[in-house]
Amino acid sequence: MKIYNFAAGPAMLPKAVMEKAQAEFTNYQNSGSGLMELSHRGKLFEPVLARAEANVRELLNVSDDYAVLFIQGGASMQFAMLAMNFLNGGVADYVDTGVWSSKALKEAKMFGSVNVVASSKETKYDHIPAESEWKRTADAAYLHITSNNTIAGTRFTKLPKPTPGVPMLSDMSSDIMSRPFDINDFGMVYAGAQKNLGPSGMALVILRKDLAARTDDSKVPTMLRYSTYIENDSMFNTPPTFAIYMLALVTDWVREQGGLAAMEKINEEKAAYLYDFLDNSSFYKSPVAKADRSIMNVVFRTPSEELDAAFVKEAKENGLTELKGHRLVGGCRASIYNAMPIEGVKALVEFMKKFELANK
Ligand code: PMP
């Protein structure tokens, strides 16, 4: 049976990438060793790191004003690290659009004051608060957003603009490389790798270099300072070599697909296929404001919690796995990142039709 994996992360990776990694697994470029057995300072790893960085720069149009960094600890460590480096007892603005935003701002409170400029918490994060209603701090150390909310299933369909002098930072864990955006609007973007970039174990961080000078070196440990990663090309200590290698393969694949404009086109098509079906159904419901719906994480519900559970179970029996909603919110969720082919979305909709007929 063909399996389509709708997991939110770690998530499915492009088949061609998995096969390439498999072919090279035990004997990388005829060295007699697998890449993960080789020195990070050796001749074979060096070009892999360089290619990962070059691919990111090309795909996201990143200039030399920015550093491209690979940092262990996932996106969650970035919640603390960015505040540790940039807050210094000042005020940071946060837009609270979901569980991950609220975790990010909780970490920041340890290093200064947090101003929540807007929140959709009271309505279970079912929308993105309108930018016109945000209460921004004029001299904030930074503004932090979460461009795509993996659990709630919302996104900034239109990314906001920064106010002059206040760098905008975004957690892009669940939508990086899914659509083009202007990196120059951001002081920093970061993403846990395990959705659109490769396996878990690191975060991709793209940081405007001048911001690294804001860190008080006497207060922030070496491994938690961005300057350490910039000065050592992400190799102050042993980096996650295998995760970087996989990111290089995944970004090669994104380039082969035609880059981010092509990714966005197919992602929009996949999401529209699923949302059109949901909108025309009286059985399934999307709990999310239409204008703010994520094209990566499609959240939906059947008429009852019992049916939600039956849906997830039967879908799995039909080769459609990992459709359970996040444990905090329940319901169902189909994560359809870059690697999910449209055939997977079509197979899901076919199953949804059958399930509806059987359970109406
Ligand atoms: N931010 C977002 C938007 C996420 O979806 C996740 C993980 N699902 C995280 C942060 C946390 O990522 P990590 O597990 O890499 O710390």
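Residues numbered from 1 in each chain as written. Predicted model: local features only at pLDDT ≥ 70, side-chain atom pairs only at ≥ 80, totals over all residues. Heavy atoms only, no water.

**Description of the overall build of the protein chain**
Part 1 of the reasoning: When you go through the protein chain residue by residue, the secondary structure sums to nine helices and 13 strands.
Part 2 of the reasoning: A compact globule built from 360 residues would reach a C-alpha radius of gyration of about 21 Å, and the protein chain, at 21 Å, matches this within 12%.
Part 3 of the reasoning: In the protein chain, buried positions account for 55% of the 360 residues.
Part 4 of the reasoning: Look at the contacts in the protein chain between residues 6 or more apart in sequence, and 67% of them connect residues 24 or more apart.
Part 5 of the reasoning: Accessible area of the protein chain: about 15800 Å², with a carbon and sulfur share of 52%.
Part 6 of the reasoning: Distance between charge centroids for the protein chain: 3 Å, based on 40 positive and 42 negative side chains. (Helix = DSSP H or I, 4+ residues; strand = E, 2+ residues; numbered from the N terminus. Rg over C-alpha atoms; globule rule 2.2 N^0.38 Å. Buried < 20%, exposed > 50% of the residue type's maximum accessible area, 1.4 Å probe, protein only. Contact = heavy atoms within 4.5 Å. Areas by Shrake-Rupley, 256 points an atom, 1.4 Å probe, with all protein chains shown as cover. Lys, Arg positive; Asp, Glu negative; His and termini not counted. Charge placed at Lys NZ, Arg CZ, Asp CG, Glu CD.)

**Digging into the pairing of strand 9 (residues 188-192)**
Part 1 of the reasoning: The element strand 9 is largely enclosed, with a buried count of five among its five residues.
Part 2 of the reasoning: Neither face of strand 9 is left uncovered, since the one carrying Met188, Tyr190 and Gly192 and the one carrying Val189 and Ala191 both have all their residues buried.

**Regarding the sheet that holds strand 2 (residues 66-71)**
Part 1 of the reasoning: Here we have seven strands laid out as an open sheet, ordered 2-10-9-8-5-3-4, and mixed in their pairing. The sheet is open, and its two borders are formed by strand 2 and strand 4 (113-119), each paired with just one other strand. Each strand axis lies, on average, 20 degrees off the axis of its neighbour in the sheet, ignoring direction.
Part 2 of the reasoning: In this sheet, strand 10 (residues 203-208) lies alongside strand 2 in antiparallel orientation, the contact comprising six bridges. (Pairing = 2+ DSSP bridges. Axes fitted to C-alpha atoms, helices over the stretch in contact; angles between N-to-C directions.)

**Side note on the UniProt feature "modified residue: N6-(pyridoxal phosphate)lysine" (unreviewed entry) in the protein chain**
Part 1 of the reasoning: Following the UniProt record, the feature "modified residue: N6-(pyridoxal phosphate)lysine" (unreviewed entry) maps to Lys195 here.
Part 2 of the reasoning: Inspection of the secondary structure puts lysine 195 in the loop between strand 9 and strand 10.
Part 3 of the reasoning: Sequence-distant contacts of lysine 195, defined by excluding residues within four places in its chain, comprise Ala8, Gly9, Ala11, Met12, Thr150, Ser173, Ser174 and Tyr337.
Part 4 of the reasoning: At 3.0 Å, the side chain of lysine 195 forms a polar contact with the backbone oxygen of alanine 8. (UniProt positions renumbered as here; feature names shortened; annotations may be inferred. Polar contact = N/O pair within 3.5 Å; in protein donor to acceptor, adjacent residues only side chain to side chain.)

**Notes on the site of the ligand**
Part 1 of the reasoning: Within the structure, the ligand sits among Gly74, Ala75, Ser76, Phe79, Trp100, Asn148, Thr150, Asp171, Ser173, Ser174, Gln194 and Lys195.
Part 2 of the reasoning: At 2.6 Å, a side-chain N or O of serine 76 approaches an oxygen atom of the ligand.
Part 3 of the reasoning: Residue tryptophan 100 places a side-chain N or O atom 3.4 Å away from an oxygen atom belonging to the ligand.
Part 4 of the reasoning: For the ligand, the accessible surface in isolation is 390 Å², of which the surrounding protein chains cover 85%.
Part 5 of the reasoning: With respect to the pocket detection grid, the ligand is positioned in the largest pocket.
Part 6 of the reasoning: Of the residues in the shell around the ligand, the class split is three nonpolar, seven polar and two charged. (Near = heavy atom within 4 Å. 1 Å grid on protein atoms, 1.4 Å probe; cavity = no way out; pocket = protein on both sides within 12 Å on 5 of 7 lines; lining within 4 Å. Sits in = over half its atoms within 2 Å of the grid points. Nonpolar A, V, L, I, M, F, W, Y, C, P; charged D, E, K, R; others polar.)

**Points about helix 7 (residues 259-279)**
Working note: α-helix, 3.6 residues per turn, so residues spaced by three or four point in the same direction.
Part 1 of the reasoning: When the terminal C-alpha atoms of helix 7 are compared, their 30 Å separation across 21 residues agrees well with the 30 Å that a helix rising 1.5 Å per residue should span.
Part 2 of the reasoning: Among the residues of helix 7, Gly259, Leu260, Met263, Asn267, Lys270, Ala271, Leu274, Tyr275, Phe277 and Leu278 are the ones counted as buried. An end-on view of helix 7 places all buried positions within 155 degrees of arc, on one side of the element. Set apart from the buried face of helix 7 by more than 90 degrees, the exposed residues are Ala261 and Lys265.
Part 3 of the reasoning: Close packing links the buried residues of helix 7 with helix 2 (45-60), helix 6 (241-256), strand 11 (297-300), strand 13 (332-335) and helix 9 (342-359). (Expected span 1.5 Å × (residues − 1). Arc of directions from axis to C-beta.)

**A short note on the layout of surface pockets**
Part 1 of the reasoning: Roughly 450 Å³ of volume is contained in the largest pocket.
Part 2 of the reasoning: Lining the largest pocket are 24 residues, and of these Ala8, Gly9, Trp100, Thr150 and Lys195 lie nearest its centre.
Part 3 of the reasoning: Among the elements that line the lining of the largest pocket, the one with the most residues is helix 3 (residues 74-86), at four residues. (Points joined across faces, edges and corners; volume = space filled by probe spheres on them.)

**Re unusual backbone geometry**
Part 1 of the reasoning: Across the junction of glycine 9 and proline 10, the peptide omega takes the value -5 degrees, indicating a cis bond.
Part 2 of the reasoning: Position of proline 10 among the secondary structure elements: in the loop between strand 1 (4-5) and helix 1 (15-24).
Part 3 of the reasoning: In the Ramachandran plot, methionine 177 falls in the positive-phi region, its phi being about 70 degrees despite a non-glycine side chain.
Part 4 of the reasoning: Examined against the element boundaries, methionine 177 turns out to sit in the loop between strand 8 (168-171) and strand 9.
Part 5 of the reasoning: Phi is positive for serine 234, close to 60 degrees, though the residue is something other than glycine.
Part 6 of the reasoning: As for its placement among the helices and strands, serine 234 is situated in the loop between helix 5 (226-231) and helix 6.

**Comments concerning the packing of helix 7 against helix 9**
Part 1 of the reasoning: The contact between helix 7 and helix 9 brings their axes to 10 Å, and the two run at 5 degrees. In terms of axis orientation, helix 7 runs roughly parallel to helix 9. Residue-level inspection shows Ile266, Glu269, Lys270, Tyr273, Leu274, Phe277 and Leu278 of helix 7 in contact with helix 9, the latter providing Ile342, Val345, Lys346, Leu348, Val349, Met352, Lys353 and Glu356.
Part 2 of the reasoning: Partitioning the contact of helix 7 with helix 9 into residue classes produces 10 nonpolar, no polar and five charged. (Parallel < 35°, antiparallel > 145°, perpendicular 65-115°, else oblique.)

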